[in-house]
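Below, each chain spelled out in residue letters.
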Amino acid sequence: MKFRNLGIILFITFLDFLSVSVFFGTSIPLVLDKHSVFALGLGDHQRATVYGLTLLILPLGQFLLTPIWGQLSDQFGRKPILFCTVLGSAIGYFLMGIGVMSQLFVIFILGRMITATVAANLALGQASVADSNQGQGKTQRFNLQYIFVSLGFVVGPYLISFTTHAVNYANVYWVIASGYVLAFLMVVLLFRETLPYPTDSKIYWSLNFRRIGAIFHNSRMKKVLILWMVFQLGWSLFFQYSGEFLFLKHHATNEFINHLFSWVGLGIVAVEICLVPLVASKVPPEKVVPVAIALIGVGLLVMGFLPLNVGFYCLMGLYCLGIGFFLTNMSAYVSNLAGDHGQGRAMSMMSASQACMDIAVTFAGSFFVSYYLPTPYVIGGLVILGSLWLWPARERTKK
């Protein structure tokens with residue numbers, strides 16, 4: 001039963017990040033391109049503004065609503081909340097496909113808003129994994145999830161090419177919606193509840209909000225979540241604007257940039273498959289996290305000063321090594337701090353705080369990049385390294 005649940009969670013995780021990859025891979029031709037199927041009747045500047053607002057919908061929904069989904073899953077169980085979020089995802093992507101096919105931007109945006117309101121599947125899956133595993137088993141199961149996160153990003157560009165041929169972008173949204181329908185049926189028919197204690201029978205909204213905030217009463221958890229937010233600020237700078245840097249600084253083509261990040265995804269998968277399980281069996285997460293942060297920060301910082309040569313690609317490998325270890329071990333450490341009764345809240349707060357940093361970078365990042373082009377690598381790397389300052393502070397609190 002445990003492995004059947006894990007298989008369902010991994011499939012949903014893959015779908016979530018495949019859909020993110022598909023959205024980012026189709027948003028430029030659908031929203032930003034003046035030849036888009038959506039007749040918005042806007043100039044280039046106004047279309048760019050609409051494009052930015054379209055990108056903001058997902059992190060805004062995650063920031064506002066994911067903590068509530070996490071708290072509800074701690075209250076009622078993982079299965080009924082997954083039932084809602086997976087069904088919502090299926091409906092949202094179906095509407096996005098309808099919007100593209102009918103060339104109605106309002107339906108496309110409505111679908112995107114629905115998917116944003118239910119974007120809690122990764123957090124819910126992590127909570128379910130934490131319910132059923134402890135110690136090294138928990139770290140290795142989290143690692144499996146992040147392997148499927150990376151695979152979603154790797155497969156997305158190829159799925160777009162295979163299903164749309166850069167013409168009918170509705171097709172790829174039909175595929176994503178169909179996948180969520182299958183996932184919904186799997187949750188309904190095969191998924192078994194993992195929450196180890198009885199659920200409440202009523203919704204007490206004020207109590208829910210107090211419980212969400214109560215996670216910060218744990219001083220160690222508070223410091224680690226602040227570290228996570230600072231890290232995400234630097235990482236979001238890199239993730240959102242590194243393509244612009246490569247295009248403008250190194251005159252890289254869009255095809256080269258897409259392939260580069262596909263290779264990065266494969267590198268992260270290789271680390272997660274080959275190295276993370278070996279280290280997890282010998283080294284606890286709290287020892288791995290600061291080393292991984294240092295690898296990521298140093299790798300990005302130095303890459304910002306190098307041309308596209310062998311040194312740049314070697315440091316990209318260092319980045320892959322750090323990310324592969326960081327995401328898994330950070331999630332495992334936060335889960336260990338949360339205890340049995342707070343897994344949904346802890347995992348959802350990680351997702352919400354990441355979304356908060358995505359929103360901040362989306363608003364302010366382009367300003368900094370316009371004044372200092374290497375910002376995604378140099379400033380992003382420095383911010384990530386700066387987050388290490390919070391790790392010794394956490395250890396002092398622990399003592």
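Up top is the structure these notes are about.
For the structure given in this document, a descriptive report is provided here. (Residues numbered from 1 in each chain as written. Predicted model: local features only at pLDDT ≥ 70, side-chain atom pairs only at ≥ 80, totals over all residues. Heavy atoms only, no water.)

### Some points on the overall build of the protein
Thinking step 1. For the protein, the count of helices and strands is 16 helices and 0 strands.
Thinking step 2. The C-alpha radius of gyration of the protein comes to 20 Å, within 12% of the 21 Å expected for a compact globule of 399 residues.
Thinking step 3. Along the longest, intermediate and shortest principal axes, the C-alpha atoms of the protein span 55 × 45 × 40 Å.
Thinking step 4. Expressed as a percentage of the 399 residues in the protein, the buried residues total 54%.
Thinking step 5. Looking at the protein as shown, the accessible area adds up to about 17,100 Å², and 70% of this sits on carbon and sulfur atoms.
Thinking step 6. Averaging the coordinates of the 24 positive side-chain charges in the protein and doing the same for the 14 negative ones gives two points 9 Å apart. (Helix = DSSP H or I, 4+ residues; strand = E, 2+ residues; numbered from the N terminus. Rg over C-alpha atoms; globule rule 2.2 N^0.38 Å. Buried < 20%, exposed > 50% of the residue type's maximum accessible area, 1.4 Å probe, protein only. Areas by Shrake-Rupley, 256 points an atom, 1.4 Å probe, with all protein chains shown as cover. Lys, Arg positive; Asp, Glu negative; His and termini not counted. Charge placed at Lys NZ, Arg CZ, Asp CG, Glu CD.)

### Focus on the nonpolar core
Thinking step 1. Counting residues in hydrophobic clusters, the biggest one holds 105 residues, and the most contacted among them are Phe 108, Tyr 173, Tyr 319, Phe 326 and Tyr 377.
Thinking step 2. Dropping the residues within four chain positions of it, Phe 108 is found in contact with Phe 23, Leu 30, Val 31, Phe 38, Leu 95, Met 96, Gly 99, Val 100 and Tyr 173. (Core = buried A, V, L, I, M, F, W, Y, C linked by side-chain atoms within 4.5 Å. Contact = heavy atoms within 4.5 Å.)

### Some remarks on the packing of helix H9 (residues 219-249) against helix H13 (residues 310-338)
Thinking step 1. Two elements in contact, H9 and H13, have axes separated by 12 Å at closest approach and are oriented at 150°. By the angle class used here, H9 and H13 are roughly antiparallel. As H9 packs across H13, the resulting crossing turns out to be left-handed. Between H9 and H13, the residues in contact are Arg 220, Met 221, Val 224, Leu 227, Trp 228, Phe 231, Trp 235, Phe 238 and Leu 246 and Phe 312, Tyr 319, Ile 323, Phe 326, Leu 327, Met 330, Tyr 333, Val 334, Leu 337 and Ala 338, respectively. (Axes fitted to C-alpha atoms, helices over the stretch in contact; angles between N-to-C directions. Parallel < 35°, antiparallel > 145°, perpendicular 65-115°, else oblique. Left-handed = near helix turned anticlockwise from the far one by under 90°.)

### With respect to the environment of Ile 109
Thinking step 1. Here Ile 109 lies in helix H4 (residues 105-117).
Thinking step 2. Residue classification places Ile 109 among the buried residues on the basis of a relative accessible area of 17%.
Thinking step 3. For Ile 109 and Gly 99, which are 10 residues apart along the polypeptide, the C-alpha to C-alpha distance reads 8.0 Å.
Thinking step 4. The residues touching Ile 109, leaving out its near neighbours within four places in the chain, are Thr 54 and Ile 57.

### Some points on unusual backbone geometry
Thinking step 1. The phi dihedral of Gln 103 is positive, around 60°, even though this residue is not glycine.
Thinking step 2. In this fold, Gln 103 is placed in the loop between helix H3 (78-102) and H4.
Thinking step 3. Phi is positive for His 251, close to 55°, though the residue is something other than glycine.
Thinking step 4. Considering the arrangement of structural elements, one finds His 251 in the loop between H9 and helix H10 (254-274).

### With respect to the environment of Arg 4
Thinking step 1. Among the structural elements, Arg 4 can be located in helix H1 (residues 2-32).
Thinking step 2. Take Arg 4: its relative accessible area is 35%, and that puts it in the partly exposed class.
Thinking step 3. Arg 4 sits 292 residues away from Ile 296 along the chain, and the two C-alpha atoms are 34 Å apart.
Thinking step 4. Not counting the four nearest positions on each side in its chain, Arg 4 is found in contact with Leu 190 and Arg 192.

### Topic: the side chain of Asn 143
Thinking step 1. When you line up the elements, Asn 143 lands in helix H6 (residues 135-164).
Thinking step 2. There is a polar contact of 2.6 Å between the side chain of Asn 143 and the backbone oxygen of Glu 272.
Thinking step 3. Leave out the neighbours within four places in its chain, and Asn 143 touches Glu 272, Val 276, Pro 277 and Thr 328. (Polar contact = N/O pair within 3.5 Å; in protein donor to acceptor, adjacent residues only side chain to side chain.)

### Side note on the side chain of Gln 145
Thinking step 1. With respect to the secondary-structure elements, Gln 145 resides in helix H6.
Thinking step 2. Assessed through its relative accessible area of 0%, Gln 145 is described here as buried.
Thinking step 3. Once you skip the residues sitting within four places of it in the chain, Gln 145 turns out to touch Ile 9, Leu 10, Thr 13, Leu 122, Gly 125, Gln 126 and Val 129.

### Quick word on the packing of H9 against helix H14 (residues 343-371)
Thinking step 1. At a minimum axis distance of 8 Å, the contact between H9 and H14 shows a crossing angle of 40°. Here H14 runs oblique to H9, going by the angle between their axes. Every pair of crossing elements has a handedness; the one defined by H9 and H14 is right-handed. Two secondary-structure elements touch here, H9 through Met 221, Leu 225, Trp 228, Met 229, Gln 232, Leu 233, Trp 235, Ser 236, Leu 237, Gln 240, Tyr 241 and Glu 244 and H14 through Ala 346, Met 349, Met 350, Ser 353, Gln 354, Met 357, Asp 358, Val 361, Thr 362, Gly 365, Ser 366 and Val 369.
Thinking step 2. Grouping the constituent residues of the contact of H9 with H14 by class yields 14 nonpolar, 8 polar and 2 charged. (Nonpolar A, V, L, I, M, F, W, Y, C, P; charged D, E, K, R; others polar.)

### Some words on the pattern of salt bridges
Thinking step 1. Applying the stated rule across the entire model yields 3 salt bridges.
Thinking step 2. When the shortest N-O distance is used, the salt bridge between Asp 74 and Arg 345 registers 3.3 Å. Residue Asp 74 is located in helix H2 (residues 44-76), and its partner Arg 345 is located in helix H14; the two are separated by 271 residues in the primary sequence.
Thinking step 3. Judged by relative accessible area, Arg 345 falls into the buried class, the value being 15%.
Thinking step 4. Measuring nitrogen to oxygen at the nearest pair gives 2.7 Å for the salt bridge that ties Asp 131 to Arg 78. Here Asp 131, found in helix H5 (residues 121-132), pairs with Arg 78, found in helix H3; they are 53 residues apart in sequence, far enough to count as distant. For the pair shown, Asp 131 and Arg 78 are each scored as buried.
Thinking step 5. One continuous salt-bridge network, built from bridges that share partners, spans Asp 74, Arg 78, Asp 131 and Arg 345. (Salt bridge = Lys/Arg side-chain N within 4 Å of Asp/Glu carboxyl O.)

Everything listed here is a matter of geometry and, on its own, says nothing about what the molecule does.
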